[in-house]
Amino acid sequence: MVIDTGIFKMNGKSFALEMISTYGKKWIALLLVLSLPALAAGIFHDLRWIVVFFMIICLVAPLMLSFLYFYYGLSPLASFNVASHSLKFIENGIFVTVFNIVADPDNEESSKYQEHYSTLIPYNRFSSYTSGTSSVTLLPRSPEKGFLWVPCDAFKSNQDFQDAIFMLLEKLRQKQPTLQSIN
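Figured I'd write up the structure that's included with this text. All of these numbers come straight from a predicted model, not from anything done at the bench.

1. Side note on the pattern of salt bridges
Between side chains of opposite charge, pairing is possible as soon as their charged atoms come close.
Part 1: Counting across every chain of the model gives 3 salt bridges.
Part 2: In this structure, the salt-bridge partner of Glu91 is Lys171, at a minimum N-O distance of 3.1 Å. Of the two residues, Glu91 sits in the loop between β2 (85-90) and β3 (93-103) while Lys171 sits in helix α5 (residues 158-173), which places them 80 residues apart along the sequence.
Part 3: The exposure class assigned to Glu91 is partly exposed, which follows from its relative accessible area of 48%.
Part 4: A relative accessible area of 14% places Lys171 in the buried class.
Part 5: Glu144 is the partner of Arg125 in a salt bridge, and the nearest nitrogen-oxygen pair spans 2.3 Å.

Listed below in structure tokens is the structure:
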């Protein structure tokens, strides 16, 4: 069975929110653990701690966000999300096709999609998923970073979305081969 999506892409705000909610929770918790005691010390003990609080917020927080973007957001898997692409769910993986937007020489106001790059991502590269209200986010296995976003409205029908997710979950639930030591 082959299930195809239309051409879609993730907007920048959704990309940033998905990246922060997937990989940034521990970094935000660390930022809070560092900044809130400085704020409390500034209020109750000495006003100079307020300066430390603002240094943490104004210096460390942007550095943390840039780290998330460079380490996770620019990974090859995550870069598919912000480019115009389509997904094709096939038996052995997800076939991703990235498109360029080319201006139509006949009509200056319209544009066409031209295939730029295609690759197959096997199901065994994914370890887990998170589901949202209108999408599913696929997370890769440990050494690889990034995520692949699968929105519901990219499919022709809700049944196609359900079939694609069912196929994906079936493959994720299959026992993955493990390396065993030879005695």
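2. A few points about the nonpolar core
Part 1: Membership of the largest hydrophobic core comes to 36 residues, with the highest contact counts inside it found for Leu87, Phe89, Ile94, Phe126, Leu138 and Leu148.
Part 2: Of all the secondary-structure elements, those providing two or more residues to this core are α1 (12-23), α3 (48-73), α4 (76-82), β2, β3, β6 (135-140), β7 (148-151) and α5.
Part 3: Tallying contributions element by element places α5 first for this core, with 7 residues.
Part 4: Not counting chain neighbours up to four residues away, the residues in contact with Leu138 comprise Ile94, Phe126, Ser128, Tyr129, Phe147, Leu148, Val150 and Leu168.

3. Here's the deal with the sheet that holds strand β4 (residues 111-122)
Part 1: The sheet built from 4 strands is open, its strands ordered β1-β2-β3-β4 with antiparallel pairing. Strands with a single pairing partner mark the edges of an open sheet, and in this sheet they are β1 (3-4) and β4.

4. Digging into the environment of Gly146
Part 1: Within the fold, Gly146 resides in the loop between β6 and β7.
Part 2: Judged by relative accessible area, Gly146 falls into the buried class, the value being 0%.
Part 3: In the structure, Gly146 is positioned 56 residues away from Ile90 in sequence and 21 Å away in space, judged by C-alpha atoms.
Part 4: Not counting residues up to four positions away in its chain, the partners in contact with Gly146 are Tyr23, Tyr72, Ser75, Leu77, Ala78, Leu139 and Pro140.

5. Some details on the packing of aromatic side chains
The description of an aromatic ring pair uses the distance of the two centres, along with the angle that the planes make with each other.
Part 1: Taken as a whole and assessed by the stated rule, the structure comprises 12 aromatic pairs.
Part 2: Taking 5.5 Å as the distance between ring centres and 35 degrees as the angle between the ring planes, the aromatic pair formed by Phe15 and Phe147 counts as tilted. You can see Phe15 sitting in helix α1 and its partner Phe147 sitting in the loop between β6 and β7, a full 132 residues away along the chain.
Part 3: Measuring from centroid to centroid gives 5.4 Å for Trp27 and Phe67, while their planes differ by 70 degrees, and the two rings are edge-to-face. Taken together, the residues span a long stretch of sequence, with Trp27 in helix α2 (residues 25-44) and Phe67 in helix α3 at a distance of 40 residues.
Part 4: The class of Trp27 is partly exposed, set by a relative accessible area of 29%.

Each value, and the rule that gives it
Position numbers for residues count from 1 along each chain, tracking the sequence in the order it is written. Residue-level local features of this predicted model are given only where pLDDT is at least 70; pairs of side-chain atoms are given and counted only at 80 or more, and the full residue set underlies all totals for whole chains, interfaces and linings. For side-chain calculations, the full set of non-hydrogen atoms in the structure is used, while hydrogens and water are omitted. Between Lys or Arg on one side and Asp or Glu on the other, a salt bridge is scored when a side-chain nitrogen of the former is within 4 Å of a carboxyl oxygen of the latter. Helix and strand definitions follow DSSP, with helices as H or I runs of at least four residues and strands as E runs of at least two, each counted in order from the N terminus. Type-normalised accessible area, obtained with a 1.4 Å probe on protein chains alone, sets the label of each residue: buried when under 20%, exposed when over 50%, and partly exposed for intermediate values. The nonpolar core is taken to be a set of buried Ala, Val, Leu, Ile, Met, Phe, Trp, Tyr and Cys residues, with the residues joined through side-chain atoms within 4.5 Å. Residue contacts follow a heavy-atom distance rule, with two residues in contact if any of their heavy atoms lie within 4.5 Å. Strand pairing requires that DSSP identify at least two bridges connecting the strands. Side-chain rings of Phe, Tyr and Trp, where Trp is taken by its six-membered ring, are said to pair if the distance between their centres is within 6.5 Å; with planes under 30 degrees apart they count as stacked, over 60 as edge-to-face, and otherwise as tilted.

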